[in-house]
Amino acid sequence: MALLDLKELHLSFGGPPILNGVDLQIEKGERISLVGRNGEGKSTLLRVLAGAVKPDSGEIIRAQGLRVGMLTQEVPLETSGTVREVVHGGFEAVGMPDPAWEQAHVVDQTLTRASLDGDAEFAQLSLGNKRRTLLARAMVIDPEVLLLDEPTNHLDIDAIAWLEDELRRFEGTLIFVTHDRAFLRALATRIVEIERGQLRDWTCDYTTFIERRDEALRVEQEQNAEFDRKLGQEEVWIRRGIRARRTRNEGRVRDLEKMREQRSSRRQRVGNVKLELQDSQRSGRLVARVRDLHFQWGTQVMVRDFSTLIQRGDRIGILGPNGSGKTTLLRLLLGELAPQRGTIEHGTNLAIAYFDQQRDQLDESQTVQENVTGGHDTVQFNGRSVHAVTYLKNFLFTPDRARSPITHLSGGERNRLLLARLFTRPANVLVLDEPTNDLDIETVELLEELVAEFDGTLLLVSHDREFLDNVTTATLVLEGDGQVAETVGGYADWSRASRQAAKEAQKVAKAEAKLAAAAAREQAAPPPTASGDPSRRRLSWKEERELESLPPQIEALETEQTDLHARLADPAFYQTGGGEIGETQSRLEELSDQLTGLYDRWSELAERAE
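Calculation notes
Residues numbered from 1 in each chain as written. Predicted model: local features only at pLDDT ≥ 70, side-chain atom pairs only at ≥ 80, totals over all residues. Heavy atoms only, no water. Helix = DSSP H or I, 4+ residues; strand = E, 2+ residues; numbered from the N terminus. Expected span 1.5 Å × (residues − 1). Buried < 20%, exposed > 50% of the residue type's maximum accessible area, 1.4 Å probe, protein only. Contact = heavy atoms within 4.5 Å. Salt bridge = Lys/Arg side-chain N within 4 Å of Asp/Glu carboxyl O. Pairing = 2+ DSSP bridges. Axes fitted to C-alpha atoms, helices over the stretch in contact; angles between N-to-C directions. Phe/Tyr/Trp six-rings, centres within 6.5 Å; stacked < 30°, edge-to-face > 60°. Lys NZ or Arg CZ within 6 Å of the ring centre and 35° of its normal. Left-handed = near helix turned anticlockwise from the far one by under 90°. Nonpolar A, V, L, I, M, F, W, Y, C, P; charged D, E, K, R; others polar. 1 Å grid on protein atoms, 1.4 Å probe; cavity = no way out; pocket = protein on both sides within 12 Å on 5 of 7 lines; lining within 4 Å. Points joined across faces, edges and corners; volume = space filled by probe spheres on them.

Right, let's get into helix α4 (residues 127-139). Relative to the 18 Å expected for 13 residues at 1.5 Å per residue, α4 spans 19 Å between its end C-alpha atoms, a close match to the ideal helical length. Burial analysis of α4 places ten of its 13 residues in the buried class, which makes it a mostly covered element. Turning to α4, the residues buried within the fold contact β5 (68-71), α2 (83-94), α3 (100-113), β6 (145-149) and α5 (157-169).

Here it is as structure tokens:
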């Protein structure tokens, strides 16, 4: 029996139906990604599945006693108390009757797994840690169905990697909405698309979904074009006059009326955002020369002795954990903050467009149009005057929406509005601080194309790994304690370099440990006697054969270890199920122990053979 079975569900909030007679079955252990444009109803469908929203009609059949955990897209304003109290509230939310001591034990385990301080006040946390706390609250009940709405929003890359790992081990049913394509590719085994009130079910990975969806849309467009052609022919026929009303043509007239009804009821697909940057004069070759930059807030050093050269056309990504100082570094580079030590020399003719992740540039007291135009009816774009409503249509704002207060906008709409405001200014330096949060995947991809084609200078802070890889050619990484590392390439290049550096450091540590162990054994050995040192006795024939056999054994185990690490690094491997993943990780631990023993034995025999 399905965990959740939706039958003929209808739901509307006064406009076009959000759900229009949809059916959906959800089975145990599935990993489903809900995809669709902003405003199509992804979050609403999650709330329907959670039982927080009742459909207008239809039936939802739930497995008896079904435990459902949910992470919403926005942090609930009423959430308060310590982190431990917020996480414990997960039990109260579903009315679980477990004993208090047992619940306290599970809460402590969950806090440890999520690396959270249970005594910290929730209100004082960063937005990323608030999201992590609410995720722990959703998971503390060991849900059979876990609903996640944009779970990677405001998480840094390390936290996203942690979340992916947690969800791979999760044995329940996962249903999530995300704009992070790397996250989606790593986890989803089934994709459900919501569009124009209907659900389309695609049991495949994301890449296959894109291919099949594009083909389905092409076929739909061809069918619509053929229908419209036939309708046009019939409209010409009916206008010929009285002959169309003869008895023998009444059936044709009725068919025409049905075609008109069918055409008027057709819901058009939501269009794409039309993104275009204004032309600007080229900047000078030098954008910024940074020498020995130092800045700190109180006792926390954000940037320490940092030097770099940014030239026209550079495309730089900025990475680092939440709170490490990425936005601070941006503001220093832009001259919005003065360094406490060091210098920043800016080039000439810089026209900067800055996308602020906090959306501080938006005025809550103004309408959508006023935020873009400053109270005027038009905007200047590439030397011509464009009416504000026409300009905002490019960003999917209807005329009514354009004249409404921005307090009514969703997170995705606010980001689209900030992009609309940003692109009214000519720019040769584009500064984007977390631009993809809350945008749907189609808009993220369009923004990615625009940024990739931008021939100016780019500074980008983002936790969207695929976005970083596709648009940046160099990376600044804030590594803690104010240190900033500079690498060539995007996120994947930095990640490979980091893993290689970690392996090299591990090898050095192992070699040093072996040397230290050998020195300790030599120091502890008894002094040689006239008859010779017994610890340096010659190898027996059996020990000589053992010494010869050890290198091939070690090589075989190291090869197996490398292969297993490669499997764990492949996102597709995590679609095979939790059992094989656990077995692979256990085997890696066994290999590490075996290799340590073989290294020690080889070192001992080789030393005696000298």
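Turning our eyes to something else, we now look at the pattern of salt bridges. Charged atoms that come close allow side chains of opposite charge to pair. Evaluated as defined, the whole model comprises 30 salt bridges. Note that aspartate 305 and arginine 341 form a salt bridge whose closest N and O atoms lie 3.5 Å from each other. You can see aspartate 305 sitting in strand β11 (residues 300-311) and its partner arginine 341 sitting in strand β13 (residues 341-346), a full 36 residues away along the chain. Assessed through its relative accessible area of 47%, aspartate 305 is described here as partly exposed. With a shortest N-O distance of 2.8 Å, arginine 496 and aspartate 493 are connected by a salt bridge. With arginine 496 and aspartate 493 both in helix α16 (residues 491-524), this residue pair falls three residues apart, about one helical turn. Given the relative accessible area of 47%, arginine 496 is considered partly exposed. Using a relative accessible area of 33% as the deciding quantity, one classes aspartate 493 as partly exposed.

This paragraph deals with the sheet that holds strand β4 (residues 57-62). Hydrogen bonding along the main chain pairs the strands of a sheet, whether they run parallel or antiparallel. As summarised here, the arrangement of the three strands in space is β2-β1-β4, forming an open sheet in which the pairing is antiparallel. Unpaired on one side and paired on the other, β2 (19-26) and β4 mark the two borders of the sheet. Taken over all neighbouring pairs, the strand axes of this sheet differ in orientation by 10° on average, direction set aside. Across six bridges, strand β1 (residues 4-11) lies against β2 in antiparallel orientation. In the strand pairing of β2, leucine 11 is matched with leucine 19.

Here the distance between the centres and the angle between the planes together describe a pair of aromatic rings. For the coordinates displayed, the defined rule picks out eight aromatic pairs. For the ring pair tyrosine 206 and phenylalanine 209, a centre distance of 6.0 Å and an interplane angle of 40° mean the geometry is tilted. In this pair, tyrosine 206 and phenylalanine 209 are both assigned in helix α7 (residues 206-238), three residues apart and thus about one turn of the helix distant. Take tyrosine 206 and phenylalanine 209: they sit in the same class, and that class is buried. An aromatic cluster is defined as three or more aromatic residues linked by ring pairs; in this entry it consists of Phe381, Tyr391, Phe395 and Phe423. Arginine 416 extends its terminal NZ or CZ atom over the ring of phenylalanine 397, reaching a point 5.3 Å from the ring centre.

Next up on the list: the packing of α2 against α4. The interhelical angle for the contact between α2 and α4, taken along N-to-C directions, is 35°, at an axis separation of 7 Å. Viewed along their axes, α2 and α4 form a crossing whose handedness is right-handed. The segment α2 lies against α4, with Val83, Val86, Val87, Gly89, Gly90 and Ala93 engaging Thr133, Leu134, Ala136 and Arg137. Residue composition of the contact of α2 with α4, grouped by class: six nonpolar, three polar and one charged.

If you roll a probe as big as a water molecule over the atoms, it shows you where there is empty space left. Its volume calculated, the second largest pocket comes out at about 1400 Å³. As for the second largest pocket, its lining consists of 48 residues, and the residues nearest its centre are Asn38, Gly39, Glu40, Gly41 and Ser410. Taken together, the residues that form the lining of the second largest pocket break down as 14 nonpolar, 18 polar and 16 charged.

The strand order β5-β6-β7-β3-β8-β9 describes an open sheet built from six strands, whose pairing is mixed. Of all strands in the sheet, those with a lone pairing partner are β5 and β9 (198-202), marking the two edges. In this sheet, neighbouring strand axes are inclined to one another by 15° on average, regardless of whether the strands run parallel or antiparallel. Here β5 runs beside β6; their pairing, made up of four bridges, is parallel. In the sheet register, glycine 69 faces β6, and the bridge partner there is leucine 146. Packed on one face of the sheet, α7 meets β3 (31-35), β8 (190-195) and β9 and runs near 130° to β9.

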